[in-house]
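The chain contents come next:
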Amino acid sequence: MEPQRSPLLEVKGNIELKRPLAKAASRLPLSGRRLKRGPDQMEEALEPEKKRTRGLGTRVTTTHPRAAALNSAPQTQGQTAVPRAPRKSAPRYSMAVAPVLKTQKPGPVVPAQKPGTTAAPPMVGGKKPKRPAWDLKGQLCDLNAELKCYRERKQVLDQENQQLQDQLREAKQQASVLGAERRTLEEELTRVRAQAEQGQRELGNLSARVLELEERLGTQEGLVQELQQEQLRLQEERRGLAAQLGEQERRLQTSEASLSDSQAEVASLRQAAAAREAVLAEREDRLHGLEMERRRLHNQLQELKGNIRVFCRVRPVLPGESTPSPGFLQFPSGPCGPSDPPTRLSLSRSDERRGTLSGAPAAPTRHDFSFDRVFPPGSGQDEVFEEISMLVQSALDGYPVCIFAYGQTGSGKTFTMEGGPGGDPRLEGLIPRALRHLFSVAQELRGQGWTYSFVASYVEIYNETVRDLLATGARKGQGGECEIRRAGPGSEELTVTNARYVPVSCEREVEALLHLARQNRAVARTAQNERSSRSHSVFQLQISGEHAGRGLQCAAPLSLVDLAGSERLDPGLALGPGERERLRETQAINSSLSTLGLVIMALSNKESHVPYRNSKLTYLLQNSLGGSAKMLMFVNISPLEENVSESLNSLRFASKVNQCVIGTAQANKK
Ligand code: ADP
Ligand code: MG
């Protein structure tokens, strides 16, 4: 038969087994509550305990319940011989108590002994014999015994109760401990779960990372393979380069050997070069000396030719003009025959007013003129320029040069100075040719250490007022605001205020300036008819040269002047308002031209006073006329018979100028 299980055993078992706390509470031996557990679970949970209890139970069952109950009291007070089960959490739970609690039942009431009977009646069948009713004493005795028994039992029960309360307290404490433990465990569980989740996430990340790394590993492996191949290739290349290096080193050695030879050669060459440099320097010195000598001789030659020279140029008959009678103009050959450049001109004039007494026409009068050079109508622009190129070069050597074109309107002055129409290079005049020549000679002299700069200006003097022909923009065609002034206080140099001074270095720039001047004249022409022929055009080029190596400097102006028409006013013309204006113009022109003649005369006579200031023209040109200046005058002549009077006037003026000339001019004197 299965011994009855004590709830205390269950408690103990629960405590010892440390069942989950949620269920442990329900196993406490609380009155009125039954264990809510399946028999299997119970069995399983209590298995080890059951065995022990059984062992105990065997012993307990051998004891009489009452005796046990009676014995248990002293035993529980420390005298029991029953071996105690090993206790863990509740050591005070005595296994001996269990049967007591379970089996205690009020025992059968012992029948009271008859009064007067002290001894209990003999037991019948294990039961106390019922005392007869009269045995009050015996009954009392029984009751006393029973009372005593109850008292003892009560005492035992009190003790048990006490123990149970202790156990309950302990169990509560245990429960609270376990509850705390549970909370700790729950917290720990939460933490562990969080850690697990974290771990999971990390695991996920790590596996992604692993995948990535694996991918990278794959790439790296590919790269490693490539690098290995590259390494192999480089090793191969290195072997090749090493071979080349060996070859180069061998060559280097050879080169070094030849270098040392070359160095020796260079040293000897340097010596030779130094010697040559010395020679070169000496030659340069000599060359410079020769250049200076050339300049001196050139100047001497120019002076011998005359510091004032006069060239006569006769223009051809233009289409539509009447051909002059034969012999009107003649160009007698020089002493050396036709190969000599002509220097003489003979003009025949038949004067109708001078008749003979017989009434027959007088023989034409021959007028012979001799100049430094005469250019017949067929002479080209190049031929003319050739004669003056040497003179122009004097300007580079530092001598002022002035070239005039004198003559009546339509005689070819502008053609001579600027050139013919249409931009034909063969018809180019003296100004573009002179400048081209200067630029090219300056370039040649650069090789000898000379550097040159050129600044151009172009003005017009009309009725004693100066106007800038290079004016641009709003100032185009305007006049009157220009004045001739000294460049600075005490300076000999003259400058025209408000006029443009344009640096030039090539032909194209000069062409542009001449074009601009033509435009400016055209604008003026609309305001006043044929003004260009009534004014002097002065093209000036300031030439500055420097030899930095020798500290030499030279500067001189080259002036190219297209003078106003020299014709006189016909005295027979009626003096209307237009003619009066014309007369004033003519007087101004005649005055300035005669002043020019007077200045030249005064210069040649070496007079103390030269009347430069008598006209704007001579005032502007004073630096190009005096001192060591070279002057050339072209006298332009019309080939037409109708212009004979003006031609004679021009030739006479030019002859006067020519007479001023010392040297060759003297020889030309008639
Ligand atoms: P000016 O300036 O003295 O008034 P131009 O130079 O204007 O005279 O010449 C008048 C005309 O004669 C122009 O048509 C010009 O082309 C022409 N002419 C002048 N000289 C020559 C020449 N040597 N050869 C050809 N044509 C000329
Ligand atoms: Mg002209």
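Along each chain, numbering runs from 1 in the same order as the chain's sequence is written. Numbering of ligands from 1 and lettering of chains from A proceed in the order in which they are written. The predicted nature of this model means local features are confined to residues of pLDDT at least 70 and side-chain atom pairs, given and counted, to a pLDDT of 80 or more, with totals for whole chains, interfaces and linings taken over all residues. Note that water and hydrogens are dropped before the side-chain values are worked out from all heavy atoms of the structure.

The chain goes by Kinesin-like protein in an unreviewed UniProt entry, where it is assigned to Odocoileus virginianus. UniProt positions are given in the numbering used here, feature names are shortened, and annotations may be inferred rather than shown by experiment. Under the UniProt heading Subunit (unreviewed entry), the note attached to the chain is "Binds NUBP1 and NUBP2. Interacts with PPP1R42." Quoted straight from UniProt, the Sequence similarities (unreviewed entry) entry for the chain says "Belongs to the TRAFAC class myosin-kinesin ATPase superfamily. Kinesin family. KIN-14 subfamily."

Draft legend 1. Inspection of the overall build of the chain at higher detail. Here a helix means four or more residues in a row that DSSP labels H or I, a strand means two or more in a row labelled E, and each is numbered from the N terminus. Secondary structure summary: the chain contains 14 helices and 14 strands in total. Across the 670 residues of the chain, 36% fall into the buried class. A separation of at least 24 residues holds for 68% of the contacts in the chain among residues at least 6 apart in sequence. Surface accessibility of the chain: about 39100 Å² in total, with carbon and sulfur atoms responsible for 55%. With a 1.4 Å probe rolled over the protein chains alone, any residue whose accessible area is under 20% of its type maximum counts as buried; one over 50% counts as exposed, and the rest are partly exposed. Any two residues having at least one pair of non-hydrogen atoms within 4.5 Å are treated as being in contact. Residue-level accessible areas treat just the shown protein chains as cover; the underlying method is Shrake-Rupley with a 1.4 Å probe.

Draft legend 2. Just the side chain of His547, in detail. Among the secondary structure elements, His547 is positioned in strand β12 (residues 536-547). For His547, a relative accessible area of 7% puts it in the buried group. A polar contact of 3.1 Å, which involves the side chain of His547, links it to the backbone nitrogen of Arg550. Ignoring anything within four residues of it in the chain, the contact list for His547 reads His288, Gln448, Gly449, Trp450 and Leu552. Two N or O atoms form a polar contact when they lie within 3.5 Å of each other; inside protein one atom must be a possible hydrogen donor and the other a possible acceptor, and for residues adjacent in sequence the pair counts only when both atoms belong to side chains.

Draft legend 3. Representation of the site of ligand 1. Throughout this document, a residue counts as near a molecule or strand when at least one of its heavy atoms sits within 4 Å of that molecule or strand. In the vicinity of ligand 1, the residues found are Arg313, Arg315, Pro316, Leu318, Gln408, Thr409, Gly410, Ser411, Gly412, Lys413, Thr414 and Phe415. Between ligand 1 and Thr414 there is a distance of 2.7 Å, counted from an oxygen atom to a side-chain nitrogen or oxygen. Protein chains shield 73% of the accessible area of ligand 1, which is 550 Å² for the free molecule. Ranked by residue count, the leading element in the shell around ligand 1 is helix α8 (residues 413-417), at three residues. In terms of residue class, the shell around ligand 1 is made up of three nonpolar, six polar and three charged. Residues were grouped as follows: Ala, Val, Leu, Ile, Met, Phe, Trp, Tyr, Cys and Pro as nonpolar; Asp, Glu, Lys and Arg as charged; and all remaining residues, including Gly, as polar.

Draft legend 4. Highlighting the pairing of strand β13 (residues 552-562). The buried fraction of β13 amounts to eight of the 11 residues, a majority that puts the element mostly inside the structure. Note: two strands are recorded as paired if DSSP finds a minimum of 2 bridges between them. Examined bridge by bridge, strand β6 (residues 401-407) and β13 share five bridges and lie parallel to one another. By the bridge assignment for β13, Phe404 is matched with Val561. By the bridge criterion, 11 bridges tie β12 to β13 in an arrangement that is antiparallel. Following the sheet pairing, Ser544 is matched in β13 by Ala555. Here β12 folds back onto β13, and the loop between the two strands holds four residues, one of which, Gly551, carries a positive phi near 65°.

Draft legend 5. Seen up close, helix α7 (residues 381-396). Spanning 16 residues, α7 covers 22 Å between terminal C-alpha atoms, matching the ideal 22 Å at 1.5 Å per step. Bend is the name given here to the angle between axes fitted to two runs of seven residues, the run ending at a residue and the run starting at it. Residue Ile388 marks the point of greatest curvature in α7, where the axis turns by about 45°. Three or more residues of α7 are buried, namely Gln381, Val384, Phe385, Ile388, Ser389, Leu391, Val392, Gln393, Ser394, Ala395 and Leu396. Given a helix with a known number of residues, its expected span is that number minus one, times 1.5 Å.

Draft legend 6. Structural context of the nonpolar core. In this text, buried Ala, Val, Leu, Ile, Met, Phe, Trp, Tyr and Cys residues form a nonpolar core when linked through side-chain atoms within 4.5 Å. Grouped together as the largest cluster of nonpolar side chains are 50 residues, with contacts concentrated most on Cys312, Phe371, Phe404, Leu625, Met633, Val635 and Leu651. With seven residues, helix α13 (residues 644-660) is the single largest residue contributor to this core.

Draft legend 7. View of the pattern of salt bridges. Salt bridge criterion: a side-chain nitrogen from Lys or Arg within 4 Å of a carboxyl oxygen from Asp or Glu. According to the stated counting rule, one finds 29 salt bridges in the structure shown. The salt bridge partner of Lys154 is Asp158, with a shortest N-O separation of 3.2 Å. Remark: Asp158 and Lys154 occur in helix α6 (residues 136-305); sequence separation between them is four residues, near one turn of the helix. The partly exposed category is assigned to Asp158, whose relative accessible area is 38%. Put simply, Arg315 and Glu321 hold a salt bridge, and the shortest N to O gap is 2.9 Å. In this structure Arg315 comes out as buried when scored by relative accessible area, which is 12%. Among the charged side chains, a salt-bridge network with shared partners connects Glu291, Arg294, Arg295 and Asp397.

Draft legend 8. Looking closely at the environment of Thr495. Mapped onto the elements, Thr495 comes out in strand β10 (residues 494-496). When neighbours within four sequence positions are excluded, Thr495 is seen to be in contact with Glu483, Ile484, Arg485, Arg486, Ala487 and Tyr501. A distance of 3.3 Å separates polar atoms of two side chains, one belonging to Thr495 and the other to Tyr501.

Draft legend 9. View of unusual backbone geometry. If you check the backbone angles, Asn463 has positive phi at about 50° while not being a glycine. Along the chain, Asn463 falls in the loop between β7 (450-462) and β8 (465-468). The phi torsion at Asn498 lies on the positive side, around 65°, for a residue other than glycine. Considering the arrangement of structural elements, one finds Asn498 in the loop between β10 and β11 (502-504). Asn498 gets classed as partly exposed once you look at its relative accessible area, which sits at 46%.

Draft legend 10. Structural view of the pairing of β7. Most of β7 sits inside the fold, with 10 of its 13 residues counted as buried. Sheet topology places β7 next to β12; 12 bridges connect them, and they run antiparallel. In the strand pairing of β12, Tyr452 is matched with Gly545. Judged from the four bridges that link them, β7 and β8 form a sheet pairing that is antiparallel. Paired with Ile461 across the two strands is Val466, which belongs to β8. Once β7 ends, the chain turns through two residues before running back antiparallel as β8, passing Asn463 with a positive phi of about 50°.

Draft legend 11. Local environment of the side chain of Ser535. Of note, Ser535 is situated in the loop between α10 (507-527) and β12. Looking at Ser535, the relative accessible area reads 1%, which means it is buried. Contacts of Ser535, omitting those with residues within four sequence positions, involve Glu460, Ile461, Tyr462, Asp562, Leu563 and Ala564.

Draft legend 12. The sheet that holds strand β3 (residues 344-349), seen in detail. Strand order in the open sheet made by the three strands is β2-β3-β4, with antiparallel pairing throughout. Strands with a single pairing partner mark the edges of an open sheet, and in this sheet they are β2 (329-330) and β4 (365-370). Across two bridges, the pairing between β2 and β3 is antiparallel. Within the sheet, the bridge partner assigned to Gln330 lies in β3 and is Ser346. Orientation is described by lines fitted to C-alpha atoms, with helices fitted over the stretch in contact, and by angles between N-to-C directions that extend from 0 to 180 degrees. Across the sheet, α13 touches β3 and β4, and the angle it forms with β3 is around 145°.

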